[in-house]
Amino acid sequence: MSRRKQIYEGKAKILYEGPEPGTLIQYFKDDATAFNAQKKATLDGKGVLNNRISEYVMLRLAEIGIPTHFLKRINMREQLIKKVDIVPLEVICRNVAAGTMAKRLGIEEGEALPRSIVEFCLKRDDLGDPLVAEEHIHAFGWATPEEVDEMVAMTLRINDYLRGLFSGIGINLIDFKIEFGRLALAEGHQIILADEISPDSCRLWDRETNKKLDKDRFRRDLGNVTEAYTEVATRLGIIKPSGPNGKPHLSVVSNEE
Ligand code: TYD
């Protein structure tokens, strides 16, 4: 993987120059971080699982007309993507109170929200990605009002679709974080979905038991993190439960690089 020019290294992914102009290669690492990178670990096979899950979700979203940066999966850890300028905002959509919202507003974790809520955080690790209002976004020029409207509309469509997708496999989509990018066109640019959608960036609870099948297993030291991600991939039909004792066969997804 060092044969290509590295463009950027984030906490869970590396971006390399792509084979064609306007493309990049997104490499999924096994590294996990939380609490602004104060907590770190390497989770065997996480990158492989997130590559596969994000590919699956991006393809399904493209089918319903959401423009995404995803072009194709290259191997178990890498995907070819369109090069975009990332909008410096994390767009969070919530259906059920959890995490920082539950804490900030004193709502019990697990309480259904009156309706889906979209929030924005500024992508600034040094500031701990602070929550910002649309006023700040417009005033500081992080995105135009039209871009904000487009991102909110796309986020709500993504939420509707993903809630249904996960509900079909017995999972409640509690919340998720997405990022958008500006794709340069002959004239102007288009806002498209970028980054990843995986159990690293969503809260996914089993509908029957409320068992957490997402990164909270790492944040909260609940253990069995990759097992939970494997369960999500298995329920989505991405990997087959072909282990000797009927358990998902992790090696199916972790052998290949
Ligand atoms: P949130 O409750 O705001 O933060 P935390 O994860 O610190 O409790 O997170 C809402 C959802 O967005 C949750 O599924 C995790 C995801 N998220 C990220 O993936 N990255 C981030 O930087 C943030 C702030 C949230």
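Look up a bit, the structure's there.
These lines cover the structure that appears in this document, whether it is placed above or below. The residue count restarts for each chain, going from 1 along the sequence in the order it is written. Only residues with pLDDT of at least 70 get local features here, since the model is predicted, and only at 80 or more are side-chain atom pairs given and counted; chain-wide, interface and lining totals rely on the full set of residues. Excluded from the side-chain calculations are hydrogens and water; all other atoms, namely the structure's heavy atoms, are used.

Moving on, we come to the site of the ligand. Taken together, the neighbourhood of the ligand is formed by 15 residues, with Glu90, Arg94, Thr100, Asp175 and Arg203 sitting nearest. Measuring from an oxygen atom of the ligand, one finds a side-chain N or O atom of arginine 94 at 2.6 Å. In the environment of the ligand, an oxygen atom lies 3.3 Å from a nitrogen or oxygen atom belonging to the side chain of arginine 219. Only the protein chains shown count as cover for residues, with accessible areas throughout obtained via the Shrake-Rupley method and a probe of 1.4 Å. Contact with the protein chains hides 80% of the accessible area of the ligand, taken as 490 Å² for the molecule alone. Numbering goes from the N terminus for both helices and strands, where a helix is a DSSP run of H or I of at least four residues and a strand is a run of E of at least two. Within the residue set of the shell around the ligand, elements represented by two or more residues are β9 (89-96), α2 (99-105), β12 (171-184) and β14 (202-206). The nonpolar class holds Ala, Val, Leu, Ile, Met, Phe, Trp, Tyr, Cys and Pro. Asp, Glu, Lys and Arg form the charged class, and all remaining residues, Gly among them, are polar. Class assignment for the residues of the shell around the ligand results in four nonpolar, three polar and eight charged. We call a residue near a molecule or strand as soon as one heavy atom of that residue lies within 4 Å of the molecule or strand. Any pair of N or O atoms that falls within 3.5 Å is considered a polar contact. Within protein, one atom must be able to donate a hydrogen and the other to accept it, and sequence-neighbouring residues count only if both atoms are side-chain atoms.

A cluster of acidic side chains, namely Glu134, Glu135, Glu146, Asp149 and Glu150, defines a negative patch on the protein surface. Of all the secondary structure elements, the ones that give two or more residues to the negative patch are α3 (134-140) and α4 (145-167). In terms of residue count, the dominant contributor to the negative patch is α4 (three residues). On the secondary structure map, glutamate 150 appears in helix α4. Burial classes: relative accessible area under 20% of the type maximum marks a residue as buried, over 50% as exposed, and values in between as partly exposed (1.4 Å probe, protein chains only). Using a relative accessible area of 37% as the deciding quantity, one classes glutamate 150 as partly exposed. For patch detection, residues must exceed 30% relative accessible area and be free of salt bridges, and they are connected within 9 Å for like charges or within 5 Å for nonpolar side chains (Val, Leu, Ile, Met, Phe, Trp, Tyr). Each reported salt bridge corresponds to a side-chain nitrogen of Lys or Arg within 4 Å of a carboxyl oxygen of Asp or Glu. As used throughout, the charge tally considers Lys and Arg to be positive and Asp and Glu to be negative, leaving His and the chain termini uncounted. By convention, the charge on Lys lies at NZ, on Arg at CZ, on Asp at CG and on Glu at CD.

Only C-alpha atoms enter the line fits that serve as axes; for helices the fit covers just the stretch in contact. Angles between N-to-C directions range over 0 to 180 degrees. At their nearest, the axes of helix α1 (residues 46-63) and α4 sit 11 Å apart, and the two run at 120 degrees to each other. For the element pair α1 / α4, the angle class is oblique. Our pair here, α1 against α4, has a crossing hand that is right-handed. Within the contact between the two elements, α1 uses Tyr56, Val57, Arg60 and Leu61 and α4 uses Ile158, Tyr161, Leu162 and Leu165. Across the contact of α1 with α4, the residue classes tally to seven nonpolar, no polar and one charged. Every angle not falling under 35 degrees, over 145, or within 65 to 115 is termed oblique; those three ranges are roughly parallel, roughly antiparallel and roughly perpendicular. Crossing handedness follows the turn of the near helix against the far one: under a right angle anticlockwise gives a left-handed crossing, and clockwise gives a right-handed one. In this description, contact between two residues means that some pair of their heavy atoms is separated by no more than 4.5 Å.

Moving on: the sheet that holds strand β2 (residues 13-17). DSSP bridges decide pairing: two strands pair if at least two such bridges lie between them. In space, the five strands of this open sheet follow the order β1-β2-β3-β7-β6, with antiparallel pairing throughout. Looking at strand neighbours, the two that pair on one side only are β1 (6-9) and β6 (70-73), the edges of this open sheet. Across the sheet, the mean angle separating the axes of adjacent strands is 25 degrees when strand polarity is ignored. Here three bridges tie β1 to β2, and the two strands are oriented antiparallel to one another. In the strand pairing of β2, glutamate 9 is matched with isoleucine 14. Relative to the sheet, α1 contacts β3 (23-28), β6 and β7 (78-82), its axis offset from that of β6 by approximately 130 degrees.

The quantities given are spatial measurements derived from coordinates; they are silent on function.
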